[in-house]
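Chains, contacts and geometry: an overview
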Amino acid sequence: MSAERARRARLMKEWFLGAGSAEPRTLAEALGLAEEAPDLQRLRRAEPHQLLRIERLHTAAQRAFEQRTRIDVCRSLEQVVRVSLREIAVGPAEQPVVAHGTDRLKDEANAAARRLETDAALAGGRGLNTGLAFGVLLSPAILLAALAIGRAVPPLFHSSLGCPEELSLMYALVCFAGGAMGAVFSVIVRLRDAYQLIQQGPGRDTTPDVPTDPVQLAQTMRQEGWYRVVVGWFLATSLFLLINGGILTLLTPPAVPDGLCGAVPLSLAGHQALIKAWFFWGSVGFLAGLNERWAYGLLRRGHERQAAGPRGG
């Protein structure tokens with residue numbers, strides 16, 4: 001049972017962080033040959049560029065994100081080189097590699113490059129999704145902490161939050177949450193477009209270079225996903241402050257329902273106005289996180305209006 005739990009923990013870790021690092025082997029070591037083996041040297045002289053490319057791909061495959069990709073790509077590359085070595089061994093010493101053997105090396109190298117490119121894209125997408133998920137899970141904790149701090153700080157200064165202040169705080173938190181959701185949705189849409197481009201890869205004539213280390217790429221994209229949620233938070237909060245403070249008048253928040261803070265029960269129209277305000281601030285936050293250009297444009301317009309205010313007065 002403990003061994004099964006350890007295996008599942010290892011698989012879960014590999015799913016998030018990628019396969020663990022292993023001792024890299026050269027292509028000759030994987031084939032059980034010495035670097036100075038006659039057949040290998042002959043193949044190197046006959047196809048220097050293809051064999052060098054296969055060796056680079058073989059090294060890159062040992063750093064692939066998924067363990068299955070590592071095994072399959074290395075096995076395919078080793079197999080095609082074995083076949084070429086057998087063809088060289090049975091022929092005369094001066095006979096070059098036949099054309100179909102050269103094409104086979106090239107085709108297998110192209111297939112391996114595409115497989116590694118897809119593996120790198122998977123590592124980047126999985127790392128980005130992990131970072132986004134971390135930001136989404138952290139958002140409720142930050143919202144609760146902000147609400148607790150907002151209620152705990154005024155008593156330290158012998159004050160308290162009134163009903164209008166509490167309502168403004170709740171609107172700010174709704175806008176904050178909308179910014180996180182908009183950021184996540186924006187990244188998901190862009191990630192879908194990226195996957196569509198990747199799926200078109202096998203039909204291309206040109207073959208990409210060997211991708212960068214996918215494990216490192218996944219780590220970078222995890223940070224990028226978390227950073228994207230943080231940007232959504234700050235953009236949404238900035239727009240809330242500018243709009244609610246009257247600096248940015250392009251968007252007008254709904255009016256506060258009459259009798260909201262009084263002792264009289266809230267009317268149906270008051271409930272509708274309160275719900276409308278929640279949707280308004282949630283939409284502002286969502287659009288801020290979804291469309292950075294739109295949010296930056298509003299922020300710039302609010303900044304210009306604030307700078308022009310003293311001169312106008």
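Notes on the pattern of salt bridges
Enumeration according to the criterion identifies 6 salt bridges in this entry. The partner of glutamate 55 in a salt bridge is arginine 44, and the shortest N-O contact between them spans 3.0 Å. In this pair, glutamate 55 is assigned in helix 4 (residues 48-61) and arginine 44 in helix 3 (residues 38-46), connecting sequence segments 11 residues apart. A salt bridge links glutamate 66 to arginine 126; the shortest N-O distance between them is 3.8 Å. With glutamate 66 in the loop between helix 4 and helix 5 (67-90) and arginine 126 in helix 6 (residues 99-156), the pair connects residues that are 60 residues apart, well separated along the chain.

Notes on helix 1 (residues 2-17)
In this model, helix 1 (16 residues) spans 22 Å end to end at C-alpha, consistent with the 22 Å of a helix rising 1.5 Å per residue. One or two residues past the end of helix 1 sits glycine 18, with phi positive at roughly 95 degrees.

Description of the environment of glutamate 55
Taking the C-alpha atoms as reference, glutamate 55 lies 9.5 Å from glutamate 78; in sequence the two are 23 residues apart. With sequence-adjacent residues up to four places away left out, glutamate 55 is seen in contact with Leu27 and Arg44.

Looking at helix 8 (residues 214-244)
Over its 31 residues, helix 8 runs 44 Å from end to end, which matches the ideal 45 Å to within 8%, given 1.5 Å per residue. Two residues or fewer past helix 8, glycine 246 is found with a positive phi of approximately 80 degrees.

Things to note about the packing of aromatic side chains
Taken as a whole, this structure holds 6 aromatic pairs when the rule is applied. With centroids separated by 5.6 Å and ring planes inclined at 65 degrees, the aromatic side chains of phenylalanine 134 and tryptophan 226 adopt a geometry described as edge-to-face. Of this pair, phenylalanine 134 sits in helix 6 while tryptophan 226 sits in helix 8, and the two are 92 residues apart along the sequence. Ring plane angle 85 degrees and centroid distance 5.5 Å describe the contact between tryptophan 226 and tryptophan 233, whose orientation is recorded as edge-to-face. By relative accessible area, tryptophan 226 is classed as partly exposed at 30%. By relative accessible area, tryptophan 233 is classed as buried at 6%.

Observations regarding the packing of helix 8 against helix 9 (residues 268-290)
Where helix 8 contacts helix 9, the axes come no closer than 8 Å and their chain directions differ by 135 degrees. Relative to helix 9, the element helix 8 is oriented oblique. Crossing of helix 8 over helix 9 shows right-handed handedness. Along its contact with helix 8, which presents Arg228, Gly232, Leu235, Ala236, Leu239, Phe240, Ile243 and Asn244, the element helix 9 presents Trp281, Val284, Gly285, Ala288, Gly289 and Leu290. Its residues assigned to classes, the contact of helix 8 with helix 9 comprises 9 nonpolar, 4 polar and 1 charged.

Points about the confidence of the model for the protein
With 80% of its residues at a pLDDT of at least 70, the protein reaches an overall mean of 79. Taking the mean pLDDT of every element in the protein, the minimum, 54, falls on helix 10 (residues 292-312) and the maximum, 91, on helix 4. Contacts of residues 196-207 to residues separated by more than four positions or lying in other chains number 8 contacts, the stretch itself having pLDDT below 50.

Description of a nonpolar patch on the surface
Nonpolar side chains collect at one region of the surface, where Met12, Trp15, Phe16 and Leu17 lie side by side and expose about 390 Å² of accessible area between them. Mapped onto the fold, methionine 12 is located in helix 1. What makes methionine 12 partly exposed here is its relative accessible area of 48%.

Structural notes on the nonpolar core
Membership of the largest hydrophobic core comes to 24 residues, with the highest contact counts inside it found for Leu43, Ile54, Leu57, Val81 and Leu116. Only helix 2 (27-31), helix 3, helix 4, helix 5 and helix 6 provide two or more residues apiece to this core. For this core, the element with the most residues is helix 5, which contributes 7 residues. Residues Phe240, Ala277, Phe280 and Ala288 belong to the second largest nonpolar core, which totals 18 residues.

Cut-off values and rules
Residues numbered from 1 in each chain as written. Predicted model: local features only at pLDDT ≥ 70, side-chain atom pairs only at ≥ 80, totals over all residues. Heavy atoms only, no water. Salt bridge = Lys/Arg side-chain N within 4 Å of Asp/Glu carboxyl O. Helix = DSSP H or I, 4+ residues; strand = E, 2+ residues; numbered from the N terminus. Expected span 1.5 Å × (residues − 1). Contact = heavy atoms within 4.5 Å. Phe/Tyr/Trp six-rings, centres within 6.5 Å; stacked < 30°, edge-to-face > 60°. Buried < 20%, exposed > 50% of the residue type's maximum accessible area, 1.4 Å probe, protein only. Axes fitted to C-alpha atoms, helices over the stretch in contact; angles between N-to-C directions. Parallel < 35°, antiparallel > 145°, perpendicular 65-115°, else oblique. Left-handed = near helix turned anticlockwise from the far one by under 90°. Nonpolar A, V, L, I, M, F, W, Y, C, P; charged D, E, K, R; others polar. pLDDT = per-residue confidence, 0-100. Patch = residues over 30% accessible without salt bridge, like charges linked within 9 Å, V, L, I, M, F, W, Y side chains within 5 Å. Areas by Shrake-Rupley, 256 points an atom, 1.4 Å probe, with all protein chains shown as cover. Core = buried A, V, L, I, M, F, W, Y, C linked by side-chain atoms within 4.5 Å.

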